[in-house]
Amino acid sequence: MLIGTKGDYGVRAMIDLARHHTGQPIPRNEIATRRQIPEAYLDQLLGLLRRAGFIKSVRGPGGGHLLARDGDKITLLSLLEPLEGSLEPISSLNNELDATGQAWIWTEIYDGMRERLESVTLTQLVEVEKVNDASSAPRYLI
């Protein structure tokens, strides 16, 4: 499985929204700066995430984006599928591979991957990030 830029940046943006959730909209430029995502690309991803029902957007002064659902209800699989499309390792899992007898192994791999991605929630991703941030040594730049 190869996660592309859409999936990577989309998950980063969702972690940011969950981590900084206060009930108030978070401006796009803040997400882009913290997560190092180009703003124009982030706009596209936020549109996808809004259409998929993960976020709400608020226009005007004080506007921005906020979660539309609780982080415990959002799984990594549910995020990646709208961003990346199909996560199948081979596009024709059940067609020509059935003739060679190899479809079963790819199906098992795919099912295992889906099961694992379904078991990880946005809230868990935020908690892991917090632990990693707390355990990393401070960096000083001059």
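Residues numbered from 1 in each chain as written. Predicted model: local features only at pLDDT ≥ 70, side-chain atom pairs only at ≥ 80, totals over all residues. Heavy atoms only, no water.

## With respect to the pairing of strand S1 (residues 55–58)
The test is simple: Here the rule is simple: two strands pair whenever DSSP picks up at least two bridges between them. Secondary structure elements follow DSSP: runs of H or I no shorter than four residues count as helices, runs of E no shorter than two count as strands, and numbering proceeds from the N terminus.
Pairing of S1 with strand S2 (residues 64–67), which is carried by four bridges, proceeds in the antiparallel orientation. Bridge pairing in S2 links Val 58 to Gly 64.

## Looking at the pattern of salt bridges
Stated formally: Take a side-chain nitrogen of Lys or Arg and a carboxyl oxygen of Asp or Glu: if they are within 4 Å of each other, that pair is a salt bridge. Residue exposure (1.4 Å probe, protein chains only): buried if accessible area is under 20% of the type maximum, exposed if over 50%, otherwise partly exposed.
Considering all chains together, one arrives at 11 salt bridges under this definition. Here Glu 129 makes a salt bridge to Arg 19, at a shortest N to O gap of 2.7 Å. Taken together, the residues span a long stretch of sequence, with Glu 129 in helix H7 (residues 122–135) and Arg 19 in helix H1 (residues 5–19) at a distance of 110 residues. Note on Glu 129: relative accessible area 18%, which makes it buried. As a salt-bridge pair, Arg 28 and Glu 39 come within 2.7 Å of each other at their nearest N and O atoms. Taken together, the residues span a long stretch of sequence, with Arg 28 in helix H2 (residues 28–35) and Glu 39 in helix H3 (residues 39–51) at a distance of 11 residues.

## Some thoughts on H1
How we decide: Working rule for helices: expected span equals 1.5 Å times residues minus one. In what follows, a contact means two residues having at least one pair of non-hydrogen atoms within 4.5 Å.
Compared with the 21 Å implied by 1.5 Å per residue over 15 residues, the 21 Å span of H1 between its first and last C-alpha is a close match. Restricting attention to buried positions, one finds in H1 the residues Gly 7, Tyr 9, Gly 10, Val 11, Ala 13, Met 14, Ile 15, Asp 16 and Leu 17. For H1, the elements touching its buried residues are H2, H3, S1, S2, helix H4 (76–84) and H7.

## Remarks on the side chain of Thr 75
Looking at where Thr 75 falls in the secondary structure, it is placed in the loop between S2 and H4. The exposure class of Thr 75 is buried, given its relative accessible area of 9%. If sequence neighbours within four positions are ignored, Thr 75 has contacts with Leu 117, Glu 118, Val 120 and Thr 121.

## Section: the packing of H1 against H2
Between two packed helices, both the angle of their axes relative to each other and the distance between the axes serve to describe the pair. The criterion, for reference: Axis definition: a line fitted to C-alpha atoms, limited for helices to the stretch in contact. Angles are taken between N-to-C directions and run from 0 to 180 degrees. For classification purposes, angles smaller than 35 degrees are called roughly parallel, those larger than 145 roughly antiparallel, those between 65 and 115 roughly perpendicular, and all remaining angles oblique. Should the near helix be turned anticlockwise from the far one by less than a right angle, the crossing is termed left-handed; should it be turned clockwise, right-handed. Gly is placed with the polar residues, together with every amino acid not listed as nonpolar (Ala, Val, Leu, Ile, Met, Phe, Trp, Tyr, Cys and Pro) or charged (Asp, Glu, Lys and Arg).
Contact geometry for H1 and H2: axes closest at 10 Å, N-to-C directions at 115 degrees. Taken together, the axes of H1 and H2 lie roughly perpendicular to each other. Read as a crossing pair, H1 and H2 show a hand that is right-handed. Residues Arg 12, Ala 13, Ile 15, Asp 16, Leu 17 and Arg 19 of H1 lie in contact with H2, whose contacting residues are Ile 31, Arg 34 and Arg 35. For the contact of H1 with H2, the residue count by class is four nonpolar, no polar and five charged.

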